[in-house]
Amino acid sequence: MGFQFQFQPVLNRLDVLLDGLWVTLQLAGSGILLGALLGILLAMLRGLSGRPVRMLVDAYVELVRNTPFLVQLLIIFFGVPTLGLRLSAEQAALAAIIINLGAYATEIVRAGIESVHKSQIEAGLSLAMTRWQVFRHVVLAPALARVWPALSSQFVLMMLSTSVCSFISVQELSAQAANIESETFRSFEVYILVTLIYLALALVLRGLLAGLGALLFPAGSGLGRLRGQAGR
């Protein structure tokens, strides 16, 4: 007797999947925003600070990028409470996402900053701009524009990585899918549906990030507009 798809038992628990989807969206949205801000801040510190700060930032980046996200998640969830700071599963997951994404974003933004030619910095200084204005308008803004596609890809990967948070009992989409599978025994149907949801999430997020990039970094918004910004 051949296999027969039975999606109805899964669809009857669609509300559970939607609850998990909402948790996934909360984790991904908060983690992407805060992780991106952390990455930009650390990349700025690395570029503007002395050797000790650069070494600390580099050590953080290398430690995070060369260890599995799951291990980082487990250390935060099980290890941090031994230091007296108790975190819920959701708080630990969010902290792990921010720390992980922050390291990758730092390296991506750093590459963008280093791609800015020295002559552009000198041009900004020649317009009587302060060093902060030069860094903000001449270095950071063009750097972010150049690396936005790479950052966007990392954001999408981080959203998909929220599925790992089910290991510490965060009831996100993958965890709820596992709950439904254990109740209905319709493994194939459950994970086909979840795969389609993740695919839709990735495509929508990629489209939103592309639109945000076009809004933040419109064509022609380069050094030619800096003369008017020099007096700000």
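Residues numbered from 1 in each chain as written. Predicted model: local features only at pLDDT ≥ 70, side-chain atom pairs only at ≥ 80, totals over all residues. Heavy atoms only, no water.

Enquirer: What am I meant to see in the UniProt feature "transmembrane region" (unreviewed entry) in the protein here?
Expert: Under the UniProt annotation, the feature "transmembrane region" (unreviewed entry) is placed at residues 20-48, 69-87 and 190-217. End C-alpha to end C-alpha, residues 20-48 measures 42 Å, and it is 100% helix and 0% strand. Between the end C-alpha atoms of residues 190-217 there is a gap of 40 Å, over a span that is 96% helix and 0% strand. (UniProt positions renumbered as here; feature names shortened; annotations may be inferred. Helix = DSSP H or I, 4+ residues; strand = E, 2+ residues; numbered from the N terminus.)

Enquirer: In this structure, what is going on with the pattern of salt bridges? I would like to understand it.
Expert: Side chains that differ in sign of charge can pair as their charged atoms come close. Tallied over the entire structure, the rule returns six salt bridges. For D58, the salt bridge goes to R46, with nearest N and O atoms at 2.7 Å. Here R46 lies in helix α2 (residues 14-48) and D58 lies in helix α3 (residues 51-65), a separation of 12 residues in the sequence. A salt bridge links R110 to E107; the shortest N-O distance between them is 2.8 Å. Here the residue R110 and the residue E107 both occupy positions in helix α5 (residues 89-114), the gap between them amounting to three residues, near one helical turn. Of the two residues examined, R110 and E107, each falls in the buried class. One network of salt bridges, with partners in common, ties together R46, D58, E107, R110 and E114. (Salt bridge = Lys/Arg side-chain N within 4 Å of Asp/Glu carboxyl O. Buried < 20%, exposed > 50% of the residue type's maximum accessible area, 1.4 Å probe, protein only.)

Enquirer: When you look at helix α4 (residues 69-79) in this model, what are you seeing that I'm missing?
Expert: Because each turn of an α-helix spans 3.6 residues, side chains separated by three or four positions in sequence point in the same direction. Looking at α4, one finds that the buried residues are F69, Q72, L73 and I76. Angular distribution of buried residues about the axis of α4 spans 100°; they occupy a single face of the element. Seen from the buried face of α4, the exposed residues on the opposite side, beyond 90 degrees, are I75 and F78. (Arc of directions from axis to C-beta.)

Enquirer: Which parts of the structure should I look at to understand the packing of aromatic side chains?
Expert: Working definition: an aromatic ring pair is given by the centre-to-centre distance plus the angle between the planes. The tally for this structure, following the rule as stated, stands at five aromatic pairs. Ring geometry for F5 and F188: centres 5.4 Å apart, planes at 35°, overall tilted. Of the two residues, F5 is situated in the segment before α1 (8-11) and F188 in helix α9 (residues 187-216); the sequence distance between them amounts to 183 residues. (Phe/Tyr/Trp six-rings, centres within 6.5 Å; stacked < 30°, edge-to-face > 60°.)

Enquirer: When you look at the nonpolar core in this model, what are you seeing that I'm missing?
Expert: Ranked by size, the top nonpolar core spans 52 residues in total, and within it L17, L151, F155 and V170 carry the most contacts. Elements supplying a minimum of two residues to this core: α2, α4, α5, α7 (131-161), α8 (173-184) and α9. Looking at this core element by element, the count peaks at 12 residues for α7. Not counting residues within four places of it along the chain, the set of residues in contact with L17 comprises L173, A177, I180, L193, V194 and I197. (Core = buried A, V, L, I, M, F, W, Y, C linked by side-chain atoms within 4.5 Å. Contact = heavy atoms within 4.5 Å.)

Enquirer: Help me understand the packing of α3 against α5 in this model?
Expert: Helix-helix packing: each pair is described by the crossing angle between the helix axes and the interaxial distance. The contact between α3 and α5 brings their axes to 9 Å, and the two run at 115°. In this structure, α3 meets α5 at a crossing whose hand is left-handed. For the pair α3 and α5, contact is made by V57, Y60, V61, V64 and R65 and by I98, I99, N100, G102, A103, Y104, T106 and E107, respectively. When the residues that make up the contact of α3 with α5 are grouped by side-chain class, the tally is eight nonpolar, three polar and two charged. (Axes fitted to C-alpha atoms, helices over the stretch in contact; angles between N-to-C directions. Left-handed = near helix turned anticlockwise from the far one by under 90°. Nonpolar A, V, L, I, M, F, W, Y, C, P; charged D, E, K, R; others polar.)

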